[in-house]
Amino acid sequence: VVIAYLLTLATLTLGVGRLGDMLGKKPIYTTGFAVFTTGSVLCGLSPDITALIGARVIQAIGAAMIFALGMAIITQAFPPSERGRALGISGALVSIGIVIGPSLGGFIVDQWSWRWIFMVNLPIGIFGTAAARRYVPDVPPPGGQTFDFKGAGVFFVSLFSFMLGLSLAQSRGFSSGVVRGLLIAGIAALIVFIAVERRVEQPMLDLKLFGNRLLTINLLTGWMTFFAISGLFILVPFYLENVLGASPREVGLLIAPAPLLLGLSAPVSGAISDRIGPRRVLVVGLAVLVGAYLTMQLLRPDSPPWLIIAVMAPAGLGMGIFQSPNNSAVMGSASTERLGVTSAMLTTTRNTGQLTGIAVLGAFWALRVAAHSGTTIDAQIAPAVHQAAALRDVGIVNTILVAVALALSLWGLAEERRSGTGQSRARRSVSNS
């Protein structure tokens, strides 16, 4: 039920972004709300598991049409002097959803049934569809464009194989022949995709975009941060429940400061980046993230609740400071006719980073638990001291990974200052405002 949704969403996002550039973003975005709402209702009415999985696929198709084009629509609707703040507000609303969603879902299941988790989307979807029809600007696309069906097909095979392999790895492990075969197939298809895109006159993904080294750094560091924080949000709840004995409600309260601070800081950092340029702001965010992951070395089997908050809060703060200017930098580098596919590329980066982080860091944590305990028992029932030690090892990996992202961004900042693009962008933003 979960994998059907995630795979559909991830594999269709880039193609939907390209269609938005060709056919117009508003029609696809608005239709996405209607499709998502229809899929949600079908999920709630599903008579069996097969029907539920099929309805989840329909729901994910609508979600892909929404998520792929959201940032592109914001970029078109706001001038460059307000782009960072607008993207930051969008990120803040996503964070509010992250905070409210699980708690509301748990309440609904407790009071009624799982079907109402999906049915509650009906009024939201109706409102979203009506609001999109009325308020989203309808910018006509340039004509004469064609869709790269061959590239889209190969990319679908690549991402489907890779993400299915990562999903199965969470239960079967990376030693599974099926998992390895899927990952190899995903990499092979990616190589074919690159070869196809180099020969097509109008490729789905213009590889020339990656000739911009600063843009490539933004995409890579964004992937790294989502990789790291996804593992944190998966493993810290395990630690709280298995090691500290916290209840699900207490777990929710202890990790809530992270998305809350992300939501509060994202609009502020976006507004600041509009004034001084995004790269200096996102460097600060990465530095805060490095500090957050370093504090994981303080976690012990008897850590007090305030220490958990001291780990999670700066992680959310750092992501909020980093994410808005980073998204603004990527979207600001895209040409008007490529806004949709660039927005979709950011979404794909987030999705693949999160799933890869969950699979890889989860497997690494289990291996480190086994190494510390000297046994091959289930990591979740291993002694608390060994689970805590393994979580500190994950903190080391995250610290190194984000430190590399910080080093790349510092190099990008130096390059930007050398060329003078950061100062000129900031001056244009101030003069425009």
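Calculation rules
- Residues numbered from 1 in each chain as written.
- Predicted model: local features only at pLDDT ≥ 70, side-chain atom pairs only at ≥ 80, totals over all residues.
- Heavy atoms only, no water.
- Helix = DSSP H or I, 4+ residues; strand = E, 2+ residues; numbered from the N terminus.
- Rg over C-alpha atoms; globule rule 2.2 N^0.38 Å.
- Buried < 20%, exposed > 50% of the residue type's maximum accessible area, 1.4 Å probe, protein only.
- Contact = heavy atoms within 4.5 Å.
- Areas by Shrake-Rupley, 256 points an atom, 1.4 Å probe, with all protein chains shown as cover.
- Salt bridge = Lys/Arg side-chain N within 4 Å of Asp/Glu carboxyl O.
- Core = buried A, V, L, I, M, F, W, Y, C linked by side-chain atoms within 4.5 Å.
- Axes fitted to C-alpha atoms, helices over the stretch in contact; angles between N-to-C directions.
- Parallel < 35°, antiparallel > 145°, perpendicular 65-115°, else oblique.
- Left-handed = near helix turned anticlockwise from the far one by under 90°.
- Nonpolar A, V, L, I, M, F, W, Y, C, P; charged D, E, K, R; others polar.
- Patch = residues over 30% accessible without salt bridge, like charges linked within 9 Å, V, L, I, M, F, W, Y side chains within 5 Å.
- Expected span 1.5 Å × (residues − 1).
- pLDDT = per-residue confidence, 0-100.
- Polar contact = N/O pair within 3.5 Å; in protein donor to acceptor, adjacent residues only side chain to side chain.

Student: I would appreciate a short explanation of the overall build of the protein chain in the present structure.
Tutor: Check the secondary structure of the protein chain and you find 17 helices and 0 strands. For a compact globule of 433 residues, the expected C-alpha radius of gyration is about 22 Å, and the protein chain comes in at 22 Å, within 12% of that figure. Dimensions of the protein chain, computed from C-alpha atoms along their principal axes, come out at roughly 65 × 60 × 45 Å. By the burial criterion, 51% of the 433 residues in the protein chain qualify as buried. Residue pairs in contact within the protein chain that sit at least 24 positions apart in sequence constitute 81% of those at least 6 positions apart. A total accessible area of about 19500 Å² is found for the protein chain, and carbon and sulfur atoms account for 68% of it.

Student: Help me out: how do you make sense of the pattern of salt bridges in this one?
Tutor: Proximity of charged atoms lets side chains of opposite charge pair with each other. Applying the stated criterion to the full structure yields 4 salt bridges. We note a salt bridge from R213 to E415, for which the minimum N-O separation is 3.5 Å. Of this pair, R213 sits in helix α10 (residues 213-243) while E415 sits in helix α16 (residues 384-419); the two residues are 202 residues apart in sequence, bridging distant segments of the chain. Across the pair R418 and E415 runs a salt bridge, and its minimum N-O distance is 2.2 Å.

Student: Looking at this structure, I do not really get the nonpolar core. What am I missing?
Tutor: The nonpolar side chains of a soluble globular protein tend to be buried with one another. L14, Y29, M204 and M331 are the most contacted members of the largest nonpolar core, which has 56 residues in total. Of all the elements, helix α8 (residues 149-172) adds the most residues to this core, at 9 residues. Among residues more than four places away in sequence, those in contact with M331 are M71, A72, T75, R83, L87, L339, T342, S343 and L346. Residues A258, A292, I308 and A390 belong to the second largest nonpolar core, which totals 44 residues.

Student: Help me understand the side chain of T30 in this model?
Tutor: For T30, the location among the structural elements is in helix α2 (residues 25-44). Apart from residues lying up to four places away in sequence, T30 is in contact with T129, A132 and R133.

Student: Where do I start with the packing of α10 against helix α15 (residues 339-373) in this structure?
Tutor: Axis angle and axis distance: for two packed helices, these are the angle between their axes and the distance between the axes, and together they describe the pair. Contact geometry of α10 with α15 gives a least axis separation of 7 Å together with a crossing angle of 45 degrees. Put simply, α10 runs oblique to α15. In this structure, the crossing between α10 and α15 has a hand that is right-handed. Considering only residue class, the contact of α10 with α15 consists of 13 nonpolar, 10 polar and 1 charged.

Student: Quick question: what am I supposed to make of the environment of A34 here?
Tutor: Its place among the elements puts A34 in helix α2. Taking the C-alpha atoms as reference points, A34 and A130, 96 residues apart in sequence, are found 9.5 Å from one another.

Student: Even after reading the chapter, I still don't get a nonpolar patch on the surface, so can you show me in this structure?
Tutor: A cluster of nonpolar residues, I89, L93, I96, I100, L104, F107, W112 and W116, forms a patch on the protein surface that exposes about 850 Å² of accessible area. Among the elements that line the nonpolar patch, the one with the most residues is helix α5 (residues 80-111), at 6 residues. Tracing the backbone shows F107 in helix α5.

Student: Please clarify how helix α13 (residues 278-294) should be interpreted in this entry.
Tutor: Spacing of three or four residues puts side chains on the same side of an α-helix, whose turn is 3.6 residues. Taking 1.5 Å of rise per residue, the 17 residues of α13 would be expected to cover 24 Å, and the 25 Å separating its terminal C-alpha atoms lies within 8% of that figure. Inspection of α13 places P278, R279, V281, L282, V283, G285, L286, L289, V290, A292 and Y293 among the buried residues, and these make up the whole buried set.

Student: Where do I start with the confidence of the model for the protein chain in this structure?
Tutor: Where the model shows low pLDDT, its predicted coordinates should not be examined in detail. Of the residues in the protein chain, 94% reach a pLDDT of 70 or more, and the chain-wide mean stands at 83. Confidence drops under a pLDDT of 50 for residues 423-433, and excluding neighbours within four residues, the segment shows 14 contacts in the predicted structure.

Student: Would you mind showing me how to read the environment of T30 here?
Tutor: T30 sits in the buried class, given a relative accessible area of 9%. For the pair T30 and R133, spaced 103 residues apart in the sequence, the C-alpha separation amounts to 6.2 Å. Side-chain polar atoms of T30 contact the backbone oxygen of K26, separated by 2.9 Å.

Student: Explain the environment of L317 here, please?
Tutor: If you trace the backbone, L317 turns up in helix α14 (residues 305-332). With relative accessibility at 29%, the residue L317 sits in the partly exposed group. Along the backbone, L317 and L264 are 53 residues apart, and their C-alpha atoms lie at a distance of 8.2 Å. Those residues in contact with L317 that lie beyond four places of it in its chain are L261, L262, S265 and V288.

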